[in-house]
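Listed below, chain by chain, are the residues.
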Amino acid sequence: MATKVAVVTGSNKGIGYAIVRGLCKRFDGVVYLTARDVERGKKAVEELNKEGLKPEFHQLDITDKKSLESFRDYIKSKYEGIDILVNNAAIAFKHSATEPVSVQAEQTLFVNYFSLVSTCDILFPLLKNGGRVVNISSSCGHLSLIPSKDLREKLKDEKLTIPELSKLMQQYVDAAKEGTQAAEWGNSSYVVSKVGVTALSNIQQRMLNSKDIKVNSVHPGYVDTDMTSHKGPLTIEEGAAAPLFLALDAEDSVRGKYVWYTKEIVEWDGVKPV
């Protein structure tokens, strides 16, 4: 029987690390912890080894096409494909960041949206029929946070394509460079990037329906991590709960959804499983 494979990007710390831990405990297959920095990635694996867990490590920088292709080729040479892909890698500028809005916009969208698109372009051909993709979004990925009604309509259009979405995301970056983004897009590059992730997930689901692949985006909760400056009330284990639910437990009917985590339950479209 073919070995099952799960991959978590950006998983040497925080929510990604907790997702790897949860998969190692429950997933009947090989779990790949990936990170840009080899030393940090291997150290994270060593920490999980101390708990009796045995993830594999491979270097992966989602912003580097050669790194993505190297990882793809490695997986392709060893396995028949990927069963679970959790796209977790992302960045966020602090509120106190001194970089100009133009710089924050370009870098945030490059990592959180455009590099996610590249990751999926390169790794999606390895997804097995019936596989699951979990794109980590945020409460910031809610469409209501975009001020322009016209933009909201475009972003939720069921006929929207990835090239069209990418063009919209680039329009935001260009507007930020001109200082004209606020009226239509608001002032948060992180919000725009995560709205992009949520919209992308819906498009990907339409594209992959024929292969019975489930694609969902998820707000994991406000978690105590470096990204939140440790202000979130949730532990990383609590933050991993909703992504793990989608990766392992959700009914096959849960696809193309934007799932939110709460302390007590996972919610989506008004359905509240315990």
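Residues numbered from 1 in each chain as written. Predicted model: local features only at pLDDT ≥ 70, side-chain atom pairs only at ≥ 80, totals over all residues. Heavy atoms only, no water.

J.: Would you explain the overall build of the protein in this entry?
T.: The helix and strand tally for the protein stands at nine helices and eight strands. Relative to the 2.2 N^0.38 estimate, which gives 19 Å for 274 residues, the radius of gyration of the protein is 18 Å and therefore close to what a compact globule would have. C-alpha atoms of the protein, sized along the principal axes, occupy 55 × 40 × 40 Å. Expressed as a percentage of the 274 residues in the protein, the buried residues total 51%. Sequence-distant contacts in the protein: of pairs separated by 6 or more residues, those separated by 24 or more amount to 71%. In the form shown here, the protein has an accessible surface area of approximately 13200 Å², with 49% of it arising from carbon and sulfur atoms. Between the averaged position of the 35 positive side-chain charges in the protein and that of its 35 negative side-chain charges there is a distance of 1 Å. (Helix = DSSP H or I, 4+ residues; strand = E, 2+ residues; numbered from the N terminus. Rg over C-alpha atoms; globule rule 2.2 N^0.38 Å. Buried < 20%, exposed > 50% of the residue type's maximum accessible area, 1.4 Å probe, protein only. Contact = heavy atoms within 4.5 Å. Areas by Shrake-Rupley, 256 points an atom, 1.4 Å probe, with all protein chains shown as cover. Lys, Arg positive; Asp, Glu negative; His and termini not counted. Charge placed at Lys NZ, Arg CZ, Asp CG, Glu CD.)

J.: Looking at this structure, how should I read helix α8 (residues 189-208)?
T.: An α-helical turn contains 3.6 residues, so any two residues separated by three or four positions project in the same direction. For α8, with 20 residues, the first-to-last C-alpha span of 28 Å sits near the 28 Å given by 1.5 Å per residue. Of all 20 residues in α8, 17 are buried; the element is thus mostly enclosed. (Expected span 1.5 Å × (residues − 1).)

J.: Before we go on, may I ask you to explain the side chain of T119 in this structure?
T.: Mapped onto the elements, T119 comes out in helix α4 (residues 101-123). A polar side-chain atom of T119 sits 2.8 Å from the main-chain carbonyl oxygen of S115. (Polar contact = N/O pair within 3.5 Å; in protein donor to acceptor, adjacent residues only side chain to side chain.)

J.: What is the right way to read the packing of α4 against α8 from this model?
T.: Each pair of packed helices can be summarised by the angle the axes make with each other and by the distance between the axes. Where α4 meets α8, the closest approach of the two axes is 9 Å, and the angle between their N-to-C directions is 20°. The angle between α4 and α8 falls in the class roughly parallel. With respect to the hand of their crossing, α4 and α8 are arranged in right-handed fashion. Listed contacts from α8 to V101, Q104, A105, T108, L109, N112, Y113, L116, V117 and C120 of α4 are S189, Y190, V192, S193, K194, G196, V197, L200 and Q204. Residue composition of the contact of α4 with α8, by class: eleven nonpolar, seven polar and one charged. (Axes fitted to C-alpha atoms, helices over the stretch in contact; angles between N-to-C directions. Parallel < 35°, antiparallel > 145°, perpendicular 65-115°, else oblique. Left-handed = near helix turned anticlockwise from the far one by under 90°. Nonpolar A, V, L, I, M, F, W, Y, C, P; charged D, E, K, R; others polar.)

J.: Would you mind going over the pattern of salt bridges with me for this structure?
T.: Once their charged atoms are close, side chains differing in charge can pair, the charge on each being opposite to the other. Within this structure, the stated rule accounts for 14 salt bridges. A salt bridge links D249 to R26; the shortest N-O distance between them is 2.6 Å. One end of the pair, D249, is in helix α9 (residues 236-249); the other, R26, is in helix α1 (residues 14-26), with 223 residues separating them in the sequence. Take D249: its relative accessible area is 39%, and that puts it in the partly exposed class. Of the charged contacts in the structure, one is a salt bridge between R206 and E158, with a shortest N-O distance of 3.6 Å. (Salt bridge = Lys/Arg side-chain N within 4 Å of Asp/Glu carboxyl O.)

J.: Would you take a moment to explain the packing of helix α3 (residues 65-78) against α4 for this structure?
T.: Between α3 and α4, the shortest axis-to-axis distance is 10 Å and the interhelical angle comes to 30°. When the interaxial angle is binned, α3 and α4 end up roughly parallel. As α3 runs across α4, the sense of the crossing is right-handed. Contacts from K65, L68, E69, F71 and R72 in α3 reach S118, T119, I122 and L123 in α4. Looking at the contact of α3 with α4, its residues break down into four nonpolar, two polar and three charged.

J.: Even after reading the chapter, I still don't get empty space enclosed by the protein, so can you show me in this structure?
T.: Remark: the empty space left among the atoms is shown by a probe the size of a water molecule rolled over them. This model, assessed by the stated rule, comprises two cavities of 30 Å³ or more. Estimated volume of the largest cavity: approximately 80 Å³. Around the largest cavity, the lining residues are T9, I62, N87, N88, A89, V111, N112, L116, T119, I136, K194 and V197. Among the elements that line the lining of the largest cavity, the one with the most residues is α4, at four residues. Looking at the lining of the largest cavity residue by residue, the classes come out as six nonpolar, five polar and one charged. Looking at the second largest cavity, its volume works out to about 40 Å³. Lining the second largest cavity are R132, V133, V134, K214, N216, L246, A250, E251 and V254. Counting residues per element, the ones that place at least two in the lining of the second largest cavity are β5 (127-136) and β6 (214-219). With three residues, β5 is the largest single contributor of residues to the lining of the second largest cavity. For the lining of the second largest cavity, the per-class residue count stands at five nonpolar, one polar and three charged. (1 Å grid on protein atoms, 1.4 Å probe; cavity = no way out; pocket = protein on both sides within 12 Å on 5 of 7 lines; lining within 4 Å. Points joined across faces, edges and corners; volume = space filled by probe spheres on them.)

Shape is all these values report; function is a separate question.
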